Amino acid sequence: MENDQIEELAVNIIENEILKYSDLKSNITKGDKGISWDGYITVFDGKGRGKDNFEYKIDVQVKGRIVKKIQKGNTKFSIEKSHLINYQKQNSGTLLLLVDIVDNLTYQIYYANLLPVDLKQLIENNKSKAKKPKVSILLKPIKDSSVSSLKNICKNFALNSKRQMGIPIKDLSELKNIDTIEFKVISENGKHFDYILNNDVYTYAILNDELKTMVALPKGDFVAIQNKIEKNIQIKEKIYYTSYMLTRQKDHETITIGKGIVFNLESRKINFSFQGTLQDRITDMEFFIDLIKNKTVTINGATLNLPEYKKDINEKNKLIEEYSKKINDLKMLRDKFLELKIDFKEDIDKLDKQSRNNLLLFKKIFCDGIVPTNLNIQQSGVHFIKIGNCYIAVLAQKNKDEELKIYNYFGELKDIIRVVIAKEGEKPSTENRTSPYFVMSSDDILKFSNFNSEVVFNSLNVIQNFENQSDYINAFMLELLKAYDKDNKRKDILDLADKINNLLMQNETSITNQLNKFQIIKRKRDFKPDERNVLLDLRNNLEKNACFNNNQCGIAILLENKNDYEFYHNAMDKETQKEFDTYPISNLINKK
């Protein structure tokens, strides 16, 4: 068969396909070819074929070729670069139609959308291949009476041609201030998911500017569509999950439950892969055991009967026993973290090798009461165990038999460790006993995941003489404020600073303690009128001593009086300024 006969037969096949739909009309010329186009397809609105029903005109190029057999799925066809450049100049795109022909009755129509987005990608991707005059194009099959019908292809081509005409095409990484990302498809009988998975879909970024500018994004393939369903999953009366993920692919649908339970709706088989946090694994394993025992699951109100997981009763019981032990171990770990006030939500699968080993060490020390021989802590003192982003402070102590004991550093330590303050040359005395936590910096306070505000506050009970230790206590309270300023979600730290300052004020209502009280309040809320009046009285009646400029500067910050702040700050010498700027009260002016 000659080339012109092949092309004429291809056009006939396309025209016969178009005749199936009242929404489409062929305007393809046989023989008399244009420069890069063979004609066009008129798209109507579905309400008629008159001029009032005109919707769009799609420029087309038709190609035909003789093949021995029709291949399944997609195919490829090479087209001259000059055609692509012409299509790009035309700005509305071209629909490329290819007909593979075995004989007059056996053929397959394929299509490729060559819209502005496609053309830009194709031309840019082939710039380095300047010597090659042709470009290979991927085409998808057109299927009658499906979401991939020629009618649906033309309707969606028209939709996206209109949207892409004259708008910028940019990669997502080039864009800022994006409001939304969207795509639209047209399909019959509401089969949007099927269309998305089998055909070309174009996405657009809407920018958050006055014009709500639309930008076309490079095209990608949708291999799956996921949809979160807010419905219960239960076994008998027990609800295990309140949502699940429905995943639709070309050939099947799956439901993902929890972190790693995947239920294939076609085969009714379930795959289990226990992943995620401690609690994720506990829930999934309990669901697994319950499923083995009951062989039914209710999803969104529909109860499904499942085949036996293990036919041999002894093998089944052994499996239940094995996973019950794993659940108990995980619960023991979870409960120990909760006891230590640690919000442990690390994904176990994402822990590095050292963190996994440290998790096992943590279990042995705090759950099993065993100090492992391979522990890298050999000396008495404060150390930490790192598990992912979790730092657990521990106290190592050797007893009289040189046996190493490990304790939670923020546990009950008053009978285990005694810290006293003694000046050089003085003999340590229990009268000068103090809190072991005063040595902590703001970074330490935030670093340790087992930091316990209640334990730290109670540790002050050992102090017999607050007056002698007021400077140490105040310094620690200021470190707490610095820590809070670095992470203002830690309300427990701010509350602890408040409680410690209240203790100081019970012993001495100094100007320092009062200003510290006000800077704590300012971090919590705005001042009440009477509180502002107290600050004004303090400002007007301050004693002119060595701390006068510092105190006036602090009051100015609290009252948000920038002029006074600058005046008294400039009145300090350079060393005093430098020291004042390290105080947490300076953070309040620096944020303005």
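The preceding data block contains the structure.
Per chain, residue numbering runs from 1 following the sequence as it is written. Residue-level local features of this predicted model are given only where pLDDT is at least 70; pairs of side-chain atoms are given and counted only at 80 or more, and the full residue set underlies all totals for whole chains, interfaces and linings. The side-chain values count all of the structure's non-hydrogen atoms but skip hydrogen atoms and water molecules.

A.B. asks: For this particular structure, what's the right way to read the pairing of strand E18 (residues 296-299)?
C.D. replies: Here's how the labels work: a residue is buried when its accessible area is under 20% of the maximum for its type, exposed when over 50%, partly exposed in between, all with a 1.4 Å probe on protein chains only. A run of DSSP states H or I qualifies as a helix once it reaches four residues; a run of E qualifies as a strand once it reaches two. Both are numbered from the N-terminal end. Where burial is concerned, the two faces of E18 agree: the one with Thr296 and Thr298 and the one with Val297 and Ile299 are both buried. Strands are labelled as partners when DSSP assigns at least two bridges between them. In this structure, strand E12 (residues 233-235) lies alongside E18, joined through 2 bridges in antiparallel fashion. Paired with Gln234 across the bridge in E18 is Thr298. Here 4 bridges tie E18 to strand E19 (residues 302-305), and the two strands are oriented antiparallel to one another. Each bridged residue has a counterpart across the sheet, and for Thr296 the counterpart in E19 is Asn305. The turn joining E18 and E19, which pair antiparallel and follow one another in sequence, is formed by 2 residues; a positive phi near 55° is taken by Asn300.

A.B. asks: Hey, could you run me through the packing of helix H12 (residues 491-507) against helix H13 (residues 511-524) in this one?
C.D. replies: Geometrically, a packed helix pair is captured by the angle between its two axes and the distance between the axes. With axes taken as lines fitted to C-alpha atoms, and helix axes fitted only over the stretch in contact, angles between N-to-C directions fall between 0 and 180 degrees. Contact geometry for H12 and H13: axes closest at 10 Å, N-to-C directions at 155°. For the element pair H12 / H13, the angle class is roughly antiparallel. The handedness of the crossing between H12 and H13 is left-handed. Seen from H12, the contacting residues are Leu494, Asp495, Ala497, Asp498, Asn501, Asn502, Leu504 and Met505; seen from H13, they are Asn513, Gln514, Asn516, Lys517, Ile520, Arg523 and Lys524. Amino acids outside the nonpolar list (Ala, Val, Leu, Ile, Met, Phe, Trp, Tyr, Cys, Pro) and the charged list (Asp, Glu, Lys, Arg) are all regarded as polar, and Gly is one of them. Residue composition of the contact of H12 with H13, by class: 5 nonpolar, 5 polar and 5 charged. Each angle is binned into one of four classes, with values under 35 degrees roughly parallel, values over 145 roughly antiparallel, values of 65 to 115 roughly perpendicular, and all other values oblique. For any pair of crossing helices, the crossing counts as left-handed if the nearer helix is rotated counterclockwise from the farther one by less than a right angle, and right-handed if it is rotated clockwise. Here, two residues are considered to be in contact whenever any of their heavy atoms come within 4.5 Å of each other.

A.B. asks: Where do I start with the pattern of salt bridges in this structure?
C.D. replies: Side-chain pairs of opposite charge can arise whenever the charged atoms involved come near each other. We count a salt bridge whenever a side-chain nitrogen from Lys or Arg sits within 4 Å of a carboxyl oxygen from Asp or Glu. In this structure the tally under the stated criterion is 32 salt bridges. Ionic pairing is found between Asp118 and Lys219, a salt bridge with its closest N-O pair at 2.5 Å. Taken together, the residues span a long stretch of sequence, with Asp118 in helix H3 (residues 116-125) and Lys219 in the loop between strand E10 (214-216) and strand E11 (225-229) at a distance of 101 residues. Judged by its relative accessible area of 25%, Lys219 is partly exposed. Notably, a salt bridge pairs Glu479 with Lys482, separated by 3.4 Å at the nearest N-O pair. With a gap of 3 residues between them, Glu479 and Lys482 both fall in helix H11 (residues 466-486), about one helical turn apart. Each of Asp23, Glu55, Lys151 and Lys155 takes part in a single network of salt bridges with overlapping partners.

A.B. asks: What exactly am I supposed to notice about the nonpolar core here?
C.D. replies: Nonpolar side chains tend to gather and get buried jointly when the protein is soluble and globular. The biggest cluster of nonpolar side chains holds 41 residues, and the ones touching the most others in it are Ile14, Leu24, Ile58, Leu95, Leu97, Leu150 and Cys154. Counting only elements with at least two residues in this core, the list comes to helix H1 (3-18), strand E1 (24-28), strand E2 (39-44), strand E3 (54-66), strand E5 (94-101), strand E6 (107-114), helix H4 (150-164) and helix H5 (192-198). Of the residues forming this core, the biggest block, 7 residues, is contributed by H1. In contact with Cys154, other than residues within four places in its own chain, are Leu24, Ile41, Val43, Ile58 and Leu95. To qualify as a nonpolar core, a set must consist of buried Ala, Val, Leu, Ile, Met, Phe, Trp, Tyr and Cys residues joined through side-chain atoms within 4.5 Å. Formed by 34 residues, the second largest nonpolar core is a distinct cluster that contains Phe344, Ile377, Ile385 and Ala396.

A.B. asks: Looking at this model, I keep getting lost on the sheet that holds E11. Mind explaining?
C.D. replies: Whenever strands of a sheet pair, they do so through backbone hydrogen bonds, lying parallel or antiparallel. The strand order across the open sheet formed by 5 strands is E11-E14-E15-E16-E17, and the pairing between neighbours is antiparallel. In this open sheet, the two edge strands, each paired with only one partner strand, are E11 and strand E17 (269-272). Between one strand axis and the next, the sheet turns by 20° as a mean value, whatever way the strands run. With 4 bridges joining them, strand E15 (residues 253-257) and strand E16 (residues 261-264) adopt antiparallel strand pairing. Note on E16: the bridge partner recorded for Ile257 is Ile261. Helix H6 (residues 278-294) contacts E15, E16 and E17 of the sheet and is inclined by roughly 145° relative to E17.

A.B. asks: Is there a simple way to think about unusual backbone geometry in this case?
C.D. replies: Among all residues except glycine, the phi angle is most often negative; among peptide bonds, the trans geometry is most common. Of note, Lys212 is a non-glycine position whose phi angle comes to about 50°, a positive value. Structurally, Lys212 is set in the loop between strand E9 (203-207) and E10. Taking relative accessible area as the criterion, Lys212 reaches 40% and is therefore assigned partly exposed. In the Ramachandran plot, Lys341 falls in the positive-phi region, its phi being about 60° despite a non-glycine side chain.

A.B. asks: Hey, could you run me through the packing of aromatic side chains in this one?
C.D. replies: Given two aromatic rings, their pairing is described by the distance between the two centres and the angle made by the two planes. Two aromatic rings, drawn from Phe, Tyr or Trp (for Trp, its six-membered ring), form a pair once their centres lie within 6.5 Å of each other, and the interplanar angle then sorts them: stacked below 30 degrees, edge-to-face above 60, tilted otherwise. Counting across every chain of the model gives 23 aromatic pairs. An aromatic cluster of three or more residues is present, and its members are Tyr409, Phe410, Tyr437, Phe448 and Phe451. Lying across the ring of Tyr323, Lys326 places its NZ or CZ 4.5 Å from the centre. Only when the NZ of Lys or the CZ of Arg is both within 6 Å of the ring centre and within 35 degrees of the ring normal is a charge said to sit over the ring. Here the basic side chain of Lys544 rests over the ring of Phe548, its NZ or CZ set 5.7 Å away from the ring centre.

A.B. asks: Looking at this structure, I do not really get a nonpolar patch on the surface. What am I missing?
C.D. replies: Patch membership requires more than 30% relative accessible area and the absence of a salt bridge. Residues of like charge join within 9 Å; the nonpolar side chains Val, Leu, Ile, Met, Phe, Trp and Tyr join within 5 Å. Residue burial considers only the protein chains on display, and all accessible areas are found by Shrake-Rupley using a 1.4 Å probe. On the surface, Leu172, Ile178 and Ile181 cluster together into a nonpolar patch covering about 240 Å² of accessible area. With respect to the helices and strands, the residue Leu172 is situated in the loop between H4 and strand E8 (178-183). On the basis of relative accessible area, Leu172 is assigned to the partly exposed category, the value being 40%.

A.B. asks: What should I look at first to understand the environment of Ser459 in this one?
C.D. replies: Inspection of the secondary structure assignment puts Ser459 in the loop between helix H10 (453-458) and H11. Sequence spacing of Ser459 and Phe410 is 49 residues, and the spatial spacing of their C-alpha atoms is 9.7 Å. Setting aside its immediate chain neighbours within four residues, Ser459 contacts Ser435, Pro436 and Tyr437. Each polar contact in these results corresponds to two N or O atoms within 3.5 Å; when the atoms are within protein, one needs to be able to donate a hydrogen and the other to accept it, and residues that are neighboring in sequence are counted only if both atoms are side-chain atoms. From its side chain, Ser459 meets the backbone oxygen of Val456 in a polar contact 2.5 Å long.

A.B. asks: Would you mind going over the packing of helix H2 (residues 81-90) against H3 with me for this structure?
C.D. replies: Taken N-terminus to C-terminus, the directions of H2 and H3 make an angle of 140°; their axes are 10 Å apart at the nearest point. Taken together, H2 and H3 sit at an angle that is classed as oblique. Helix-helix and strand crossings are classified by hand; for H2 and H3 the assignment is left-handed. Two secondary-structure elements touch here, H2 through Leu84, Ile85, Tyr87 and Gln88 and H3 through Leu119, Lys120, Leu122 and Ile123. For the contact of H2 with H3, the residue count by class is 6 nonpolar, 1 polar and 1 charged.

A.B. asks: Is there a simple way to explain the layout of surface pockets in this structure?
C.D. replies: Any empty space left between the atoms is revealed when a probe the size of a water molecule rolls over them. The rule is simple: put a 1 Å grid over the protein atoms alone, call a set of points where a 1.4 Å probe fits but cannot get out a cavity, call an open set with protein on both sides within 12 Å along at least five of seven lines a pocket, and count a residue as lining if it has an atom within 4 Å of a point. Grid points are joined across faces, edges and corners, and a volume is the space filled by probe spheres set on the points. Taken as a whole, the largest pocket holds about 460 Å³ of empty space. What lines the largest pocket is a set of 20 residues, among which Asp118, Leu122, Ile137, Leu138 and Lys219 lie closest to the centre. Of all the elements in the fold, those that place two or more residues in the lining of the largest pocket are E6, H3 and strand E7 (134-141). Counting residues per element, the lining of the largest pocket draws most heavily on E7, at 5 residues. Residues belonging to the lining of the largest pocket are distributed by class as follows: 7 nonpolar, 6 polar and 7 charged.

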